[in-house]
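Read off the chains here:
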Amino acid sequence: MRLWLAAGGPAALKVMAAAGAACAPVRVLWGGPSEQPLAPLSPPWVPALELDSGTVLFSPNAICQFFFLARGEEPTDLTNQWLEWEATELQPAASAALYSQLVHGKKGLEAVEALGKLLAYIEQGLSRRGTAYLAGDTKSVADVVVWGTLFPVLQDETSLPIELQALKTWFQSMTHSEACRKAADSVLMPKALLELKSYLQKQPPPCLAMERAPSNEPEEEEGSERALTEEEITAAADAWARGAAALPKPWQPQKPVLPVEGMRNVLITSALPYVNNVPHLGNIIGCVLSADTFARYCRLRNWNTLYVCGTDEYGTATETKAVEEGLTPQEICNKYNAIHADIYRWFDISFDYFGRTTTPYQTTIAQDIFQRLLARGFLLQDTVEQLRCENCQRFLADRFVEGTCPFCSYEEARGDQCDKCGKLINAVELKNPQCKLCRGIPVVKPTQHLFLDLPKLEERLEPWLEQSWATGDWTANARYITRSWIRDGLKPRCITRDLKWGTPVPLDGFHDKVFYVWFDAPIGYLSITANYTDQWERWWKNPQQVELYNFMAKDNVPFHSVIFPCSLLGAEDNYTLVNHLIATEYLNYEDGKFSKSRGVGVFGDMAKDTGIPADIWRFYLLYLRPEGQDSAFSWSDLMLKNNSELLNNLGNFINRAGMFVCKFFGGTVPNMVLTPDDKRLLARVTLELRQYHQLLEKVRIRDALRCILSISRHGNQYIQVNEPWKRIKGDEKDRQRAGTVTGVAVNMASMLAVLLQPYMPSVSLAIQGQLCIPPDCFVLSHDFTCTLPPGHRVGTVSPLFQKLENDQVEALRKRFGGGQLEDLAVEPQAKRTPPVSEPSPAPATLMAPGDPQWIQELTEEVAKQGNHVRQLKANKAEKAQVDAEVARLLELKQQLAVAEGKSPEVPVPKGKRKK
């Protein structure tokens, strides 16, 4: 590939940086605007990329995307949103700012005036998502493109407003990366910039359209940021006045839960965990915890909900584990099924039924589907070249083989799938294969197998997929993975294996074989339901009345979106097919992967021994749920979120609201006389409540949790501004005001108890007990109503959360770090000097000065608080409220200074800054 670039051209910078970041094999041709580029019709200064096919790309963003796509990095929806925003919003403003710098000689903040709102938007995006990069925790093409547009304007970092700390951290990180640094050095040469300046002087100044607030998300997601209308305020006050009587009555389904005519019937499954291992935190958030949160939400909405799961017990993995532990496969299944059930019980997962696949129902239903497929001509028989171990005298099923991946050269790929690149593999394609049982070298020999004729079923699959995508909620990764399977063309898929432990194949000539686990395992959803109720077909053969949600990690998508639906479509028995396929990305541990063998990471059976309650684990895993990008568990971040979001924000508000009722009003909710400010608060909380519903209805579980925390922040600000502890000591008017504030606050706490139930059920129950919330109020509506009216008596109020201390968390980090801590401790040094034989330095104490995670989190908190203060000032909020939030901002800045190893500045009175 040949890449034509004009030295000094702003667009050349992002393209050069993208080529470096993606390690693109390009030959760079440098020129000027007067020279003929590879694309003759392209404007001056615009790059052009000639592909090996002769095709020429001359859109800078398209070139950048091509480099990342060629490396195998598909853009997520969020990445595409950033790219669209950069092209339509940021580029025009950045061009105007660069013009004013080069042509008009403007400097610093004056030159970037046109970027003000856009920089704040990037700051908000980074702060809101709590990620290091624009689209997640790893660098994407969006980061390179946005940085490349900003850098020519902001290369003097004094141009960045000081309060945009998250933006500044991101910008510095990008600038110091090798690809960006080299791009800047090669593109922005002084002589070339003079030539660009000369060119721009001959051009008219850029004309910007009327400024509008930039957004790449639906407008409703900006709920708490926009101004309230009088209609919203009036409606919120009316809803409040209607009280608990306006709430729907909680509905208790019959047992067993069965579909009900006229109701919304929701069937929820989470991917069946393999029985042969102990689930780690990533496994738990990827399926069972996410599904549990949504199931609890559905029940609070009075939707008729059934949530089933169980252990996947057949297949090679179980036989392998049995050999390792010297047990029979059935003994392995009994042992680990009990371990799984105990773990999920501790995490408070609310299955309606948790079963297993080693049951007679599994055999009956799987063999029935098989027979129906066979009778309808959807199965093929063929001779397969398969690996056979002569030492073990057996054909080797996929997981009994290990070798080098033929696609990415990963040396520990399994015989069915590569864990690194995710591609499915036929075992005979592996390079350097080995038998996992004896480590012998297997040989290729022919054997007979049965195949599901996916090409023949494709004409049924595609229209069903289009209909499901149009009417259901499939995550972006689920859609992409499924499309890639369809695009590459479906091939017949083997459904039998040479094993003893599995569902027997009921066909002559194949009685020595069993069904392949990925034909058999999804049928476990049906058999587990059949073990729950003999009326299981009312759920699984009732697509007219039942909505099916499948929860899983992304590696399970093709089996649930292609193979299993094809099996059910081909069986022609009116099966319920998935309407909503919800797939997460991966959760990593600190800077690596979970590994039981190396002792790295927290596994389910270990979490309860940490002394940290299950609800704290639930909260943190859901807070960082990998919805659009991979995310990583971090001990320092767990401590920060517990101490800031739970203890100081949520717990502080609920405790204060309840304590004021007890301390100032004898445990009885006082009378309330709402002011216009109170009604505005009701409307603001209602917007957050409705946003919570909108997000959870789309199964955006992590984002909906932010709404809960936002409501408690509103509550804390409300209490702080109105100071009921002072007003209670004043005259009658002040005491009445204290009563109103206390009554509104304790009703906010009551609503938070309900909103929290899907996320933290034990905490929710504790709040219900402390505030004596009536059971009939434990139901979700779209309005904020007064559920604890004047005269309602609360119980004993006590703190909900405990602080996590540095020493406690550091001890846990070391305990679950395996060999990873030492590796991390020496890694920065290893990059500067050769390794030496001296002992590795001890890892730095968590949350000590210089800890990058702490600095990053505090930087984001400062940025968020700074934005909040500016908004209050812009809205001309009361001085007391502004002063309280400014004090909070100064406190955060002092904490940041300490984290950065600086001496915290003493605030100067009256807004004067120290010189």
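K.L.:
Looking at this structure, how should I read the overall build of the chain?
P.N.:
A tally of helices and strands in the chain yields 32 helices and 20 strands. Among the 915 residues that make up the chain, the fraction classed as buried is 56%. A separation threshold of at least 6 residues defines the contact pool for the chain, and within that pool the share at least 24 residues apart is 77%. When the accessible surface of the chain is split by element, carbon and sulfur atoms take 52% of a total near 39,400 Å².

K.L.:
It is not clear to me how empty space enclosed by the protein should be interpreted in this structure. Could you clarify?
P.N.:
Unoccupied space between atoms shows up once a probe the size of one water molecule is rolled over them. Evaluated as defined, the whole model comprises six cavities of 30 Å³ or more. What the largest cavity holds in volume is close to 140 Å³. Together, 15 residues line the largest cavity, and Leu247, Met751, Val754, Val779 and Thr787 are the ones closest to its centre. Here the lining of the largest cavity takes four residues from helix α27 (residues 732-756), the largest share from any one element.

K.L.:
Teacher, can you tell me more about the packing of helix α16 (residues 476-488) against helix α20 (residues 557-571) here?
P.N.:
Between two packed helices, what matters for the description is the angle formed by their axes and the separation of those axes. At a closest axis distance of 9 Å, the pairing of α16 and α20 adopts a crossing angle of 50°. When the interaxial angle is binned, α16 and α20 end up oblique. The handedness of the crossing between α16 and α20 comes out as right-handed. The residues of α20 that touch α16, namely those facing Ala478, Ile481, Thr482 and Trp485, are Val557, Pro558, Ser561, Val562 and Ile563. Considering only residue class, the contact of α16 with α20 consists of seven nonpolar, two polar and no charged.

K.L.:
For this particular structure, what's the right way to read the confidence of the model for the chain?
P.N.:
Close reading of the predicted structure is inappropriate where its pLDDT is low. Residues at a pLDDT of 70 or more form 83% of the chain, whose mean pLDDT is 84. Between residues 820-849, whose pLDDT stays under 50, and residues either more than four places distant or in other chains, the model counts 37 contacts. Contacts of residues 903-915 to residues separated by more than four positions or lying in other chains number 11 contacts, the stretch itself having pLDDT below 50.

K.L.:
Even after reading the chapter, I still don't get the environment of Ile339, so can you show me in this structure?
P.N.:
Checked against the element boundaries, Ile339 lands in helix α13 (residues 329-346). Counting along the chain gives 61 residues from Ile339 to Val278, while the straight-line C-alpha distance between them is 7.4 Å.

K.L.:
Explain the packing of aromatic side chains here, please?
P.N.:
The relative placement of two aromatic rings is captured by the distance of their centres and the angle of their planes. Taken as a whole and assessed by the stated rule, the structure comprises 36 aromatic pairs. With a centroid separation of 5.5 Å and 80° between ring planes, the pair formed by Tyr620 and Phe633 is classed as edge-to-face. Of this pair, Tyr620 sits in helix α22 (residues 614-623) while Phe633 sits in strand β20 (residues 631-633), placing them 13 residues apart in sequence. Phe633 gets classed as buried once you look at its relative accessible area, which sits at 0%.

K.L.:
Quick question: what am I supposed to make of the sheet that holds strand β7 (residues 353-356) here?
P.N.:
Within a sheet, adjacent strands bond to each other through the backbone by hydrogen bonds, running parallel or antiparallel. Overall, parallel pairing links the five strands, which are arranged β7-β6-β5-β17-β18 in an open sheet. For this open sheet the edge positions go to β7 and β18 (580-584), each flanked by a neighbour on one side alone. This sheet shows a mean twist of 20° between the axes of neighbouring strands, independent of strand direction. Those strands touched by helix α18 (residues 523-532) are β5 (265-270), β6 (304-311) and β7, and its axis lies near 110° from that of β6.

K.L.:
How should the environment of Tyr589 be read in this particular structure?
P.N.:
Checked against the element boundaries, Tyr589 lands in strand β19 (residues 587-589). Look at Tyr589 and you get buried, because its relative accessible area is 1%. Measuring from C-alpha to C-alpha, the distance between Tyr589 and Val602 comes to 8.3 Å, with 13 residues separating the pair along the chain. A distance of 2.6 Å separates polar atoms of two side chains, one belonging to Tyr589 and the other to Trp635. Reaching out from Tyr589, the side chain makes a polar contact with the backbone oxygen of Phe816 at a distance of 3.4 Å.

K.L.:
Before we go on, may I ask you to explain the pattern of salt bridges in this structure?
P.N.:
Oppositely charged side chains can pair when the atoms bearing their charge come close. A full pass over the atoms with the stated rule returns 46 salt bridges. Residue Glu313 pairs with Arg356 through a salt bridge whose shortest N-O separation is 2.9 Å. Remark: Arg356 occurs in strand β7 and Glu313 occurs in the loop between β6 and α12 (316-325); sequence separation between them is 43 residues. By relative accessible area, Glu313 is classed as buried at 0%. Put simply, Arg690 and Asp783 hold a salt bridge, and the shortest N to O gap is 2.5 Å. In this pair, Arg690 is assigned in helix α24 (residues 676-697) and Asp783 in the loop between α28 (761-771) and α29 (806-815), connecting sequence segments 93 residues apart. Residue class for Arg690 comes out partly exposed when judged on its relative accessible area of 36%. One salt-bridge network, held together by shared partners, links Asp292, Arg296, Asp348 and Arg618.

K.L.:
Any chance you could explain unusual backbone geometry here in plain terms?
P.N.:
With an omega of -5°, the peptide bond running from Lys255 to Pro256 counts as cis. Within the secondary structure layout, Pro256 lies in the loop between α10 (230-242) and β5. Located in the positive-phi region is Gln393, a residue other than glycine, with phi close to 55°. Residue position: Gln393 is located in the loop between β8 (379-389) and β9 (394-395). Note on Gln393: relative accessible area 52%, which makes it exposed. The residue Asn432 is not glycine, and still its phi comes out positive at about 50°. For Asn432, the position within the fold is in strand β12 (residues 431-435).

K.L.:
What is the right way to look at α13 in this model?
P.N.:
An α-helical turn contains 3.6 residues, so a residue and the one three or four places further along point in the same direction. In a regular helix each residue adds 1.5 Å, so 18 residues correspond to 26 Å; α13 covers 26 Å between its end C-alpha atoms and thus fits that length. Every buried residue belonging to α13 is among Ile332, Cys333, Tyr336, Asn337, His340, Ala341, Ile343 and Tyr344, and all of these are buried. Buried residues of α13 fall within an arc of 160° about the axis and therefore sit on the same side. For α13, the elements touching its buried residues are α11 (281-300), β6, α12, β7 and α21 (604-607). With its phi angle positive at about 60°, Asp348 sits one or two positions after the end of α13.

K.L.:
What is the right way to look at the pairing of strand β1 (residues 2-6) in this model?
P.N.:
Note on strand geometry: in a regular strand, side chains alternate between the two faces of the sheet. Taking burial as the measure, the five residues of β1 include four buried ones, the bulk of the element. Pairing of β1 with strand β3 (residues 48-50) involves three bridges; the strand directions are antiparallel. Among the inter-strand pairings, Trp4 is bridged to a residue of β3, identified as Ala48. Two elements, β1 and strand β2 (residues 27-31), share five bridges in a ladder whose sense is parallel. Paired with Arg2 across the two strands is Arg27, which belongs to β2.

K.L.:
Is there a simple way to think about the pairing of β6 in this case?
P.N.:
The buried count for β6 comes to eight of eight residues, which makes it a mostly enclosed element. The alternating pattern of β6 places Asn304, Leu306, Val308 and Gly310 and Thr305, Tyr307, Cys309 and Thr311 on opposite faces, both of which are buried. Two strands pair when backbone bridges link them, and β5 and β6 are joined in this way by five bridges, in the parallel orientation. Across the sheet, residue Thr269 finds its bridge partner in β6, namely Val308. Where the polypeptide runs from β5 across α11 and back to β6, its parallel neighbour, the crossover connection is right-handed. In the sheet, β6 pairs with β7 via four bridges, with the strands oriented parallel. By the bridge assignment, Val308 is partnered in β7 with Tyr353.

K.L.:
Sorry if this is basic, but what is going on with the side chain of Thr503 here?
P.N.:
Structurally, Thr503 is set in the loop between β15 (496-497) and β16 (514-515). Classification of Thr503 by relative accessible area gives buried; the value is 0%. Separated by 2.9 Å, the side chains of Thr503 and Asp520 make a polar contact. Excluding its chain neighbours within four sequence positions, the residues that come into contact with Thr503 are Tyr314, Gln362, Thr363, Ala366, Gln367, Val514, Phe515 and Asp520.

K.L.:
How should I be thinking about the nonpolar core in this particular structure?
P.N.:
Most often, soluble globular proteins keep nonpolar side chains buried together rather than apart. Counting residues in hydrophobic clusters, the biggest one holds 187 residues, and the most contacted among them are Ile268, Ile369, Trp617, Trp635, Tyr692 and Tyr759. Sort the elements by how many residues they give to this core and α27 lands first, with 13 residues. Other than its neighbours up to four places away in sequence, Tyr759 contacts Thr293, Arg618, Leu622, Tyr692, Leu696, Ile701, Ala704, Leu705 and Ile708. In this structure, Ala93, Ala94, Leu119 and Cys180 belong to the second largest nonpolar core, which totals 60 residues.

So, how was this worked out
- Residues numbered from 1 in each chain as written.
- Predicted model: local features only at pLDDT ≥ 70, side-chain atom pairs only at ≥ 80, totals over all residues.
- Heavy atoms only, no water.
- Helix = DSSP H or I, 4+ residues; strand = E, 2+ residues; numbered from the N terminus.
- Buried < 20%, exposed > 50% of the residue type's maximum accessible area, 1.4 Å probe, protein only.
- Contact = heavy atoms within 4.5 Å.
- Areas by Shrake-Rupley, 256 points an atom, 1.4 Å probe, with all protein chains shown as cover.
- 1 Å grid on protein atoms, 1.4 Å probe; cavity = no way out; pocket = protein on both sides within 12 Å on 5 of 7 lines; lining within 4 Å.
- Points joined across faces, edges and corners; volume = space filled by probe spheres on them.
- Axes fitted to C-alpha atoms, helices over the stretch in contact; angles between N-to-C directions.
- Parallel < 35°, antiparallel > 145°, perpendicular 65-115°, else oblique.
- Left-handed = near helix turned anticlockwise from the far one by under 90°.
- Nonpolar A, V, L, I, M, F, W, Y, C, P; charged D, E, K, R; others polar.
- pLDDT = per-residue confidence, 0-100.
- Phe/Tyr/Trp six-rings, centres within 6.5 Å; stacked < 30°, edge-to-face > 60°.
- Pairing = 2+ DSSP bridges.
- Polar contact = N/O pair within 3.5 Å; in protein donor to acceptor, adjacent residues only side chain to side chain.
- Salt bridge = Lys/Arg side-chain N within 4 Å of Asp/Glu carboxyl O.
- Expected span 1.5 Å × (residues − 1).
- Arc of directions from axis to C-beta.
- Right-handed = clockwise from strand over helix to strand, strands pointing away.
- Core = buried A, V, L, I, M, F, W, Y, C linked by side-chain atoms within 4.5 Å.

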